[in-house]
Amino acid sequence: MLLLLIFWIAPAHGPTNIMVYISICSLLGSLTVPSTKGIGLAAQDIVHNNPSSQRALCLCLVLLAVLGCSIIVQFRYINKALECFDSSVFGAIYYVVFTTLVLLASAILFREWSNVGLVDFLGMACGFTTVSVGIVLIQVFKEFNFNLGEMNKSNVKTD
């Protein structure tokens, strides 16, 4: 999917469609976060000198390479997006898509959701929805300038 987006879709539709650059950055971000978590897990095996520490070292190096490449490509496409689109719109949409894809990647890769009950899942879903809607509302209404003093003046009747 990333190769299709980077080599075919981005050159043709990237400057006109914000979701192309957001998709590239978010998909790469969904690799970056689990790679970082994997580096931490592999580092524990390396430090403790387990019999599998040689494999852990190889895994750690591969994950470091994936992490470095994905960060460089993300920076490139974030800069391209900021050249073409408003940063507040990009930031709000990117936050929601990135967070969603990272949660999905972590859930699939590390099976983190296997021990989460229904109540905990609903709490996390409500928290994520609240934060996502809040980010979008902040970005949409950031141009409006009003304060409490002006609101009180409009309620006072003048004769």
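Residues numbered from 1 in each chain as written. Predicted model: local features only at pLDDT ≥ 70, side-chain atom pairs only at ≥ 80, totals over all residues. Heavy atoms only, no water.

(A) Just helix α4 (residues 87-110), in detail. In this model α4 runs 33 Å from its N-terminal to its C-terminal C-alpha over 24 residues, within 8% of the 34 Å that 1.5 Å per residue would give. Of the positions making up α4, those classed as buried are S88, F90, A92, Y94, T99, V102, A105, S106 and A107. In this fold, the buried residues of α4 make contact with α2 (18-47), α3 (53-84) and α5 (118-140). One or two steps after α4, the chain reaches R111, where phi turns positive at roughly 50 degrees. (Helix = DSSP H or I, 4+ residues; strand = E, 2+ residues; numbered from the N terminus. Expected span 1.5 Å × (residues − 1). Buried < 20%, exposed > 50% of the residue type's maximum accessible area, 1.4 Å probe, protein only. Contact = heavy atoms within 4.5 Å.)

(B) How the structure looks around α3. Compared with the 46 Å implied by 1.5 Å per residue over 32 residues, the 46 Å span of α3 between its first and last C-alpha is a close match. On its buried face, α3 sits against α1 (2-13), α2 and α4.

(C) Structural detail: the UniProt feature "transmembrane region" (unreviewed entry) in the chain. Here the UniProt feature "transmembrane region" (unreviewed entry) sits at residues 54-77, 89-109 and 121-141. The span residues 89-109 carries 100% helix and 0% strand; its end-to-end C-alpha distance comes to 30 Å. The span residues 121-141 is 95% helix and 0% strand, and its two end C-alpha atoms sit 30 Å from each other. (UniProt positions renumbered as here; feature names shortened; annotations may be inferred.)

(D) Structural detail: the packing of aromatic side chains. Tallied over the full model, the rule gives three aromatic pairs. Between Y21 and Y77, the ring centres sit 5.9 Å apart and the planes meet at 40 degrees, which makes this aromatic pair tilted. Of this pair, Y21 sits in helix α2 while Y77 sits in helix α3, and the two are 56 residues apart along the sequence. For the pair shown, Y21 and Y77 are each scored as buried. Seen from their ring centres, Y94 and F98 are 5.6 Å apart, and the 40 degrees between their planes marks the pair as tilted. (Phe/Tyr/Trp six-rings, centres within 6.5 Å; stacked < 30°, edge-to-face > 60°.)

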